[in-house]
Amino acid sequence: MRTGGGRQRSDAGKLADRKEKIGGRKAGRLKREDGGRKAGRLKREDGGRKAGRLKREDGDGKPTVRLKRPTAENERMGKGNGCMGNRLTQKWTNLERQYKIAFFSALLIGLFAHMYMIVNKLPNHDYVHNITNDQFAWPLSLGRWFLHIVTGVSSYFILPWVNGVLAILYASVAAALIVAVLEIQNPVPVILCSGLLVTYPAFADTLGYMFLADGFLFGLLLSAAGVWFWHRKKDAAGIVGLAVCLALAVGIYQAYLSFAIMLILVRLILDMLEKRYENRELMIRGAKALTGGVLGMALYYVGLLIMMRMNHIGFSDYMGMDSVSAPGISKLLSTLKRDTIAFVEMFTGGNSDFTAYEIFNIVFIFSFLALLIFTAVKQKLYKRKLQALLTVLACLLFIPAAYVFDFLSEEIVYRFMMLYSLVLIYMLFVKLADRYLGGWLSEACAALIAAIVFNFAVISNIGYLNLEYCWEQTYATAVRMQERITLLNGFDTDCHLMITGTIQTERRDWLLDRIPYMVGVDDVNLMRNQTFIRVILMQDLGMTLEGVDPDEREWVLAQAEYAEMTCWPQAGSVRMIDGIIVIKLSEEP
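Conventions used here
- Residues numbered from 1 in each chain as written.
- Predicted model: local features only at pLDDT ≥ 70, side-chain atom pairs only at ≥ 80, totals over all residues.
- Heavy atoms only, no water.
- Helix = DSSP H or I, 4+ residues; strand = E, 2+ residues; numbered from the N terminus.
- Buried < 20%, exposed > 50% of the residue type's maximum accessible area, 1.4 Å probe, protein only.
- Contact = heavy atoms within 4.5 Å.
- Areas by Shrake-Rupley, 256 points an atom, 1.4 Å probe, with all protein chains shown as cover.
- Pairing = 2+ DSSP bridges.
- Core = buried A, V, L, I, M, F, W, Y, C linked by side-chain atoms within 4.5 Å.
- Salt bridge = Lys/Arg side-chain N within 4 Å of Asp/Glu carboxyl O.
- Axes fitted to C-alpha atoms, helices over the stretch in contact; angles between N-to-C directions.
- Parallel < 35°, antiparallel > 145°, perpendicular 65-115°, else oblique.
- Left-handed = near helix turned anticlockwise from the far one by under 90°.
- Nonpolar A, V, L, I, M, F, W, Y, C, P; charged D, E, K, R; others polar.
- Phe/Tyr/Trp six-rings, centres within 6.5 Å; stacked < 30°, edge-to-face > 60°.

Some thoughts on the overall build of the chain
So, step 1. Along the chain, the regular secondary structure elements total 24 helices and 6 strands.
So, step 2. In the chain, which comprises 589 residues, the proportion classed as buried is 47%.
So, step 3. For the chain, restricting intrachain contacts to residue pairs at least 6 apart in sequence, the fraction spanning at least 24 positions comes to 76%.
So, step 4. In the form shown here, the chain has an accessible surface area of approximately 29,600 Å², with 59% of it arising from carbon and sulfur atoms.

Looking at the pairing of strand β5 (residues 574–577)
So, step 1. As paired strands, β5 and strand β6 (residues 580–584) are joined by 4 bridges and run antiparallel to one another. Residue pairing across strands places Arg575 opposite Val582, the latter belonging to β6.
So, step 2. Between β5 and β6, which pair antiparallel and follow one another directly, the connecting turn spans 2 residues, one of which, Asp578, has a positive phi of 55°.

A few points about the nonpolar core
So, step 1. Counting residues in hydrophobic clusters, the biggest one holds 167 residues, and the most contacted among them are Leu196, Leu197, Phe364, Tyr420 and Leu422.
So, step 2. Looking at this core, the element that brings in the most residues is helix α8 (residues 160–182), giving 15 residues.
So, step 3. Contact partners of Tyr420, with chain neighbours within four places excluded, come to Leu197, Tyr200, Ala202, Phe203, Leu217, Leu220 and Phe259.
So, step 4. Grouped together as the second largest cluster of nonpolar side chains are 8 residues, Met498, Val548, Val556 and Ile580 included.

Thoughts on the pattern of salt bridges
So, step 1. Summed over all chains, the structure comprises 13 salt bridges.
So, step 2. One salt bridge in this structure joins Arg507 and Asp509, with 3.0 Å as the shortest N-O distance.
So, step 3. One salt-bridge network, in which partners are shared between bridges, spans Glu183, Arg267, Asp271, Glu274, Arg276, Arg285 and Arg435.

Here's the deal with the sheet that holds β5
So, step 1. The sheet built from 4 strands is open, its strands ordered β4-β3-β6-β5 with mixed pairing. In this open sheet, the two edge strands, each paired with only one partner strand, are β4 (546–547) and β5.
So, step 2. As paired elements, strand β3 (residues 496–500) and β4 share 2 bridges and run parallel to each other. Counterpart to His496 in the pairing with β4 is Glu546.
So, step 3. The strands touched by helix α22 (residues 530–541) within the sheet are β3 and β4, with β3 carrying the most contacts at an inclination of about 140°.

Some points on the packing of helix α16 (residues 356–378) against helix α19 (residues 423–436)
So, step 1. Orientation of α16 relative to α19, taken along the N-to-C sense of each, is 50°, at an axis distance of 10 Å. Classified by the angle between their axes, α16 and α19 sit oblique to one another. The handedness of the crossing between α16 and α19 is left-handed. In this structure, α16 contributes Asn361, Phe364, Ser367, Phe368, Leu371, Leu372, Phe374, Thr375 and Lys378 to the contact, and α19 contributes Ile425, Tyr426, Leu428, Phe429, Leu432, Ala433 and Tyr436.
So, step 2. Per-class residue counts for the contact of α16 with α19 are 12 nonpolar, 3 polar and 1 charged.

A look at the packing of aromatic side chains
So, step 1. Within this structure, the stated rule accounts for 23 aromatic pairs.
So, step 2. A ring pair is formed by Tyr116 and Tyr464, whose centres lie 6.3 Å apart and whose planes are at 85°; its orientation type is edge-to-face. Placement of Tyr116 in helix α4 (residues 97–118) and of Tyr464 in helix α20 (residues 439–486) is noted, with a sequence separation of 348 residues between them.
So, step 3. Since its relative accessible area comes to 0%, Tyr464 is described here as buried.
So, step 4. Between the aromatic rings of Trp471 and Tyr475, the centroid separation amounts to 6.3 Å while the plane-to-plane angle is 45°, which identifies the pairing as tilted. Of this pair, Trp471 and Tyr475 both sit in helix α20, 4 residues apart, which is roughly one turn of that helix.
So, step 5. Judged by relative accessible area, which is 13%, Trp471 ranks as buried.
So, step 6. Here Tyr475 falls in the partly exposed class, since its relative accessible area comes to 36%.

Below, the structure is given as structure tokens:
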């Protein structure tokens, strides 16, 4: 051992030094400043030390420990110290409560309302086209140049759980965006609006085309997002955001142009009723919406032409896609009259049976008109003559906005999924009732909308029930045909299959007359003609038989054996004629 200054200290000396170093402060405790700073903030050193080091002080104010923290840049970029996803977590935490309620209520209501569809395989008539058509060229020929890209996320097959859940997720985000545009904050109206969006029959009609449903609902999301940009961004970013989102939304499904127009009209009506803008500001706001819309459609058309020329594809004649033109005065008036009648029938069902759907909607229409007039009087809209006129005009524009493409082509047949924009009228009612009514009137309006939401969900499930009946009948017919074919003398897998005519089926009026017409869920039997039958026999029963060429078909039709055949499902409706399996569905070839 050394002696003197280098002598080893005794255990008692070490303990004394350690106590002196602590100096009365508790180990690991940091001194917090009180000099005007908030409790819990630590004092930072600036004297030549790196940013992010914290100064710990003991009882005498001497620095004893320095702790290194991530720099501000690292925190911003999420680098180091387990920061993965911190920015997203923070954004979600900062999100206002009503948007979270809108998202989760739409998600839960959507899952419960459409569980029947997303846990079963219930295809409609486009099931066969999904298998036989080119999933890039066909949508592109219809002007849907962005649909192929979006649906690629979930593949192009019928995957009910994947497609259905994605569709509901996209609709849930759209619900939050719509709530933001309408500026609804109270939980009950937020939940009602979310429920309306995911139960409106247009949603069920869309799910009928399950292999495209998620792509279509992403288009709805983009349409709502574009209007959100226009509403929330006051500078050029709002116009650009509206234009880009609208171009992509229309590139998925053209009917979502109507959704964006209708949402803008609803927002402008609210602006005028709420006395939010003076006339000049209101005109500027409308001009920005018009500019963004025109620019968006220009971007859509440019993108469409580029994609078509790159892939050497032209317009299809489906629903007059190749004959779109500006209407004349007479055509404009006749179309407006026809669309007005169709608009009324969308709310009244248009069926001979008097259903709950019609009862609820009749009550709703009168309630909506009464509430709109009451609000206008309460807000003294009549004293602002220009805005009163513009409010009436905006309401009248609901019909041409919803049926905008009907004015461009006489061959377009509107269906429920193309009229998704009409759900915004219900949402406008919810917003007005929440803002301008109170007491039992407000509660009565909420009860009416809740009943309508439930009725929408019931309608959707009746449609799904019809699809289940359709698929069961289709599969049963396919099995019977397979059995008849395999029992023929001379049957071989190398034989060719020829099918003539169509199966005569009766629509299930006893079921489908209880709901509004939704083409996506209105099928009876998919075993319709040669193309459908061959695909279903091959795809679902594993029976591969080649078809006949036109010359063979003409030869068979000229044979006496064919003339003697009876029609399906009679015993003589399936025959072997010179090595060709012939199924005669009806007398018309």
